[in-house]
Amino acid sequence: MSFDVVAIGEPLYEFSQQADGRFLQGFGGDSSNAAIAASRLGARAGYVTLLGNDPFGDAFIDLWRREGVECQHIRRHGSAPTGVYVINHTQQGHQFTYLRKGSAASLIEPTDLPAQLIAATRWLHASGVSLAISSSATDTVFAAFEIAREAGAAISFDTNLRLRLWPADRAGAIINAAAAKADVVKTSLEDALVLTGEQDPRRIAAIYLARGARSVAVTLGGDGCFAATAE
């Protein structure tokens, strides 16, 4: 069975505060969102992660099944929980509280990878968050890249820099190393300033194209997106 897109990373269960003080439950996690979006667009999508053996993990399995994302191979961790985050609304805007330290997804190892699934996809997708949650997750993403590359799959990568998760120097080194292995790189002006020292989208794109990407997208907030290829 072949797939169009397989994403790897950490799903996060969401509690979002409402005006009456109650919390609306939902789902987050950039790579999970990417897999769901791909499925909604008609692609055959799959997801790679570890989940806690808890109700939040059950809810994600139900979500992916409803959304048509292949998840039969996803393992459940016996003691580590599924990651959670809480959104509170203050006068300063959204306030995020993350309950993800020691999450099941952060404990993933290269030996947890479903190599057959990854080898059967046209595209493998990961992000800076996929790398940032732990050292073992970093190793796992790079191992997944190697499986995909050996099978002839292409790689897409979103820098998605989150400095709450790791120091800028380490983040920059690892994210840029991952981007150098990708066919498509998506970044933002904010991420790229830290990762490349540049603010001009053309120069940012040129840096990642020179490192091996076939195409680069730089999001510009309200000004849209700048996209470039080597041609």
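No experiment lies behind these values; they were computed from the predicted model shown.

Draft legend 1. Spotlight on the sheet that holds strand E6 (residues 69–70). Read from one edge to the other, the open sheet built from eight strands follows the order E6-E4-E1-E10-E11-E12-E13-E14, with strand pairing classed as mixed. The open sheet is flanked by E6 and strand E14 (225–229), the only strands paired with a single partner. Relative to E6, strand E4 (residues 45–48) runs parallel, the two being bridged by two bridges. Residue pairing for E6: Gly46 is matched across the bridge by Glu70. Strand contacts of helix H1 (residues 30–40): strand E1 (3–8), E4, E6 and strand E10 (121–127), with the helix running at about 165° to E4, the strand carrying the most contacts.

Draft legend 2. Inspection of the environment of Ala192 at higher detail. Mapped onto the fold, Ala192 is located in helix H7 (residues 189–196). Along the backbone, Ala192 and Thr97 are 95 residues apart, and their C-alpha atoms lie at a distance of 25 Å.

Draft legend 3. Spatial organisation of the pairing of strand E2 (residues 12–17). Looking at chain direction, E2 and strand E3 (residues 23–28) are connected through six bridges and run antiparallel. The partner of Gln17 across the bridge, within E3, is Phe23. Once E2 ends, the chain turns through five residues before running back antiparallel as E3, passing Gly21 with a positive phi of about 95°. Both E2 and strand E8 (residues 83–90) contribute to a ladder of five bridges, which runs parallel. Its bridge partner lying in E8, Ser16 is registered against Ile87.

Draft legend 4. Expanded view of the packing of aromatic side chains. Using the criterion set out here, one finds twelve aromatic pairs in the structure. Taken together, a centroid distance of 5.9 Å and an interplanar angle of 80° make the contact between Phe15 and Phe56 edge-to-face. Note that Phe15 is positioned in strand E2 and Phe56 in helix H2 (residues 55–67), a separation of 41 residues in sequence. With relative accessibility at 27%, the residue Phe56 sits in the partly exposed group. Pairing Phe27 with Phe60 gives two aromatic rings, centres 5.0 Å apart and planes at 70°, and the pair type is edge-to-face. Here Phe27 is found in strand E3, whereas its partner Phe60 is found in helix H2, with 33 residues between them in sequence. Overall, the relative accessible area of 29% leaves Phe27 in the partly exposed class. Through a chain of ring-to-ring contacts, the aromatic side chains of Tyr13, Phe15, Phe27, Tyr47, Phe56, Phe60 and Trp64 assemble into a single cluster. Between Arg211 and the ring centre of Tyr208, over which it is positioned, the NZ or CZ distance is 5.4 Å.

Draft legend 5. Spatial organisation of unusual backbone geometry. Residues other than glycine seldom take positive phi values, yet Asn160 does so here, at roughly 30°. On the secondary structure map, Asn160 appears in the loop between strand E11 (154–158) and helix H6 (168–179). On the accessibility criterion, Asn160 (12% relative accessible area) is buried.

Draft legend 6. Inspection of a nonpolar patch on the surface at higher detail. On the surface, Leu163, Leu193 and Val194 cluster together into a nonpolar patch covering about 240 Å² of accessible area. Mapped onto the fold, Leu193 is located in helix H7. When its relative accessible area of 40% is taken as the criterion, Leu193 is described as partly exposed.

Conventions adopted
Residues numbered from 1 in each chain as written. Predicted model: local features only at pLDDT ≥ 70, side-chain atom pairs only at ≥ 80, totals over all residues. Heavy atoms only, no water. Pairing = 2+ DSSP bridges. Helix = DSSP H or I, 4+ residues; strand = E, 2+ residues; numbered from the N terminus. Contact = heavy atoms within 4.5 Å. Axes fitted to C-alpha atoms, helices over the stretch in contact; angles between N-to-C directions. Phe/Tyr/Trp six-rings, centres within 6.5 Å; stacked < 30°, edge-to-face > 60°. Buried < 20%, exposed > 50% of the residue type's maximum accessible area, 1.4 Å probe, protein only. Lys NZ or Arg CZ within 6 Å of the ring centre and 35° of its normal. Patch = residues over 30% accessible without salt bridge, like charges linked within 9 Å, V, L, I, M, F, W, Y side chains within 5 Å. Areas by Shrake-Rupley, 256 points an atom, 1.4 Å probe, with all protein chains shown as cover. Salt bridge = Lys/Arg side-chain N within 4 Å of Asp/Glu carboxyl O.

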